[in-house]
Amino acid sequence: MTSSEELSSVMENNTDFFRLLDLRADDLTYYSPYSFLRETDSARLCRETFTGPLIQDIGKGKASVTILDIEGRRTWFVWRELAWDSEYFRRRVVRIDLILPDHDSAEITGRAITRFAEKTAGNDGYISVNIPSEDLFLIRSMAHSEFRLVETRLNYYFDSFDSVTAPSEPVRQALPDDIPALRDVAMNMRNCFDRVHADPAFTDEVADAYLDTFIEQSVKGFADIVTVPDLPGVKPFAFLAADDPAEIMGHRIAKLVLAAADNSEHKGWLSKLLSAVIFELKQRGTDILTTITQASNRPAIRTWEWAGFRLGFVTHLWSYSR
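Parameters and conventions
Residues numbered from 1 in each chain as written. Predicted model: local features only at pLDDT ≥ 70, side-chain atom pairs only at ≥ 80, totals over all residues. Heavy atoms only, no water. Helix = DSSP H or I, 4+ residues; strand = E, 2+ residues; numbered from the N terminus. Expected span 1.5 Å × (residues − 1). Bend = angle between axes of the 7 residues up to and from the residue. Buried < 20%, exposed > 50% of the residue type's maximum accessible area, 1.4 Å probe, protein only. Pairing = 2+ DSSP bridges. Axes fitted to C-alpha atoms, helices over the stretch in contact; angles between N-to-C directions. Contact = heavy atoms within 4.5 Å.

Visitor: Hey, could you run me through helix α2 (residues 42-59) in this one?
Guide: Structurally, the α-helix is built with 3.6 residues per turn, so residues lying three or four positions apart point the same way. Given a rise of 1.5 Å per residue, 18 residues ought to cover 26 Å, and the 24 Å separating the end C-alpha atoms of α2 matches this to within 8%. Along α2, the largest kink reaches about 40° and is centred on Glu48. All buried positions along α2 are accounted for by Leu45, Cys46, Thr49, Phe50, Thr51, Gly52, Leu54, Asp57 and Ile58. With its phi angle positive at about 80°, Gly61 sits one or two positions after the end of α2.

Encoded structure:
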């Protein structure tokens, strides 16, 4: 096959993929990170917050499309290499955005998933995929693959900003001088259920270092807000990072990024920081605040629900590495 023929074949396959994507649009609404917006038309929600951005990223080369044919049955993969993670972990890190078969065989889909992973990851790569709990077919298919379940994620949202009042506890925004103390908090208050600590692909030391770096970069600007306790003469022993709201489907939606608290001497500060961050986001015109925790992280669940967060949807995070 000549190069022009190869290009034509790729374009034809992508056309088939886009056609299938459009055909399945109603079933893919639960892939939207905003599927909790139940008063919004589901087809429009899917198109504007999932399939549309996905198609744009494919067109811009930010995401790739791979098709695997097994026994005449095709399975498409939309995926992207995560540059920052790949550089940090010194291995190829890939995220699959969507797995879309044009058939109903879970066994063949599972074989295709494994074949894709083997080709893409090689000897030391790492691949993850986050699957909504509603996609029962793909969950069954994963059982036929060599991926492993890392965590079950609970995706919460808060939309009661009208009742939010100013916090009574002293807080402030983190400064660069706070970074060493915040790195210690992130390391010492290890969450064994988060995606890096729960995955045997990473040692605890590597996972600790990753979160240490994450909070450092958050203070340096990766997050828009990093709130810490402001107690005289006391180094920060807790933090809560968040991003400013973005305009989504007529709503201004913000998200929590990372949190940790050392309660050995000062109790209840994660809830206090949460109240302070919610108030700050109200001042910034936020309508909805989202956050994620693991189904196994009961203390975090109690904190979010105490604050008035509601469960939006559930996903399952899977990974592959050798």
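Visitor: I keep staring at unusual backbone geometry and nothing clicks. Help me out?
Guide: Across the chain, the bulk of peptide bonds are trans and the bulk of non-glycine residues have phi less than zero. Of note, the phi angle at Glu71 is positive, near 55°, even though the residue is not glycine. Among the structural elements, Glu71 can be located in the loop between β1 (64-70) and β2 (73-81). In this structure Glu71 comes out as exposed when scored by relative accessible area, which is 60%.

Visitor: Which parts of the structure should I look at to understand the pairing of strand β8 (residues 238-248)?
Guide: Look at any regular strand and the pattern is simple: side chains alternate between the two faces of the sheet. In terms of burial, β8 is largely enclosed, as eight of its eleven residues are buried. Summarising the sheet, strand β7 (residues 225-229) and β8 pair through three bridges and their orientation is antiparallel. Pairing of Val226 across the sheet is with Ala241, part of β8. Across nine bridges, β8 lies against strand β9 (residues 251-261) in antiparallel orientation. Among the inter-strand pairings, Ala241 is bridged to a residue of β9, identified as Leu258. What sits between β8 and β9 in their antiparallel hairpin is a turn of two residues, with Met249 showing a positive phi close to 50°.

Visitor: Sorry, what's going on with the sheet that holds strand β5 (residues 148-158) here?
Guide: The strands making up a sheet associate through hydrogen bonds between their backbones, and the pairing can be parallel or antiparallel. Strand order in the open sheet formed by eleven strands is β1-β2-β3-β4-β11-β5-β10-β9-β8-β7-β6, and the pairing between neighbours is mixed. Looking at the sheet topology across the chains shown, the edges are occupied by β1 and β6 (171-173). Averaged over all pairs of adjacent strands, the angle between their axes in this sheet comes to 30°, without regard to strand direction. Of the pairings in the sheet, the one linking β2 to strand β3 (residues 93-101) comprises seven bridges and is antiparallel in character. In the strand pairing of β3, Val78 is matched with Leu98. Relative to the sheet, helix α8 (residues 269-283) contacts β5, β6, β7, β8, β9 and β10 (288-294), its axis offset from that of β8 by approximately 30°.

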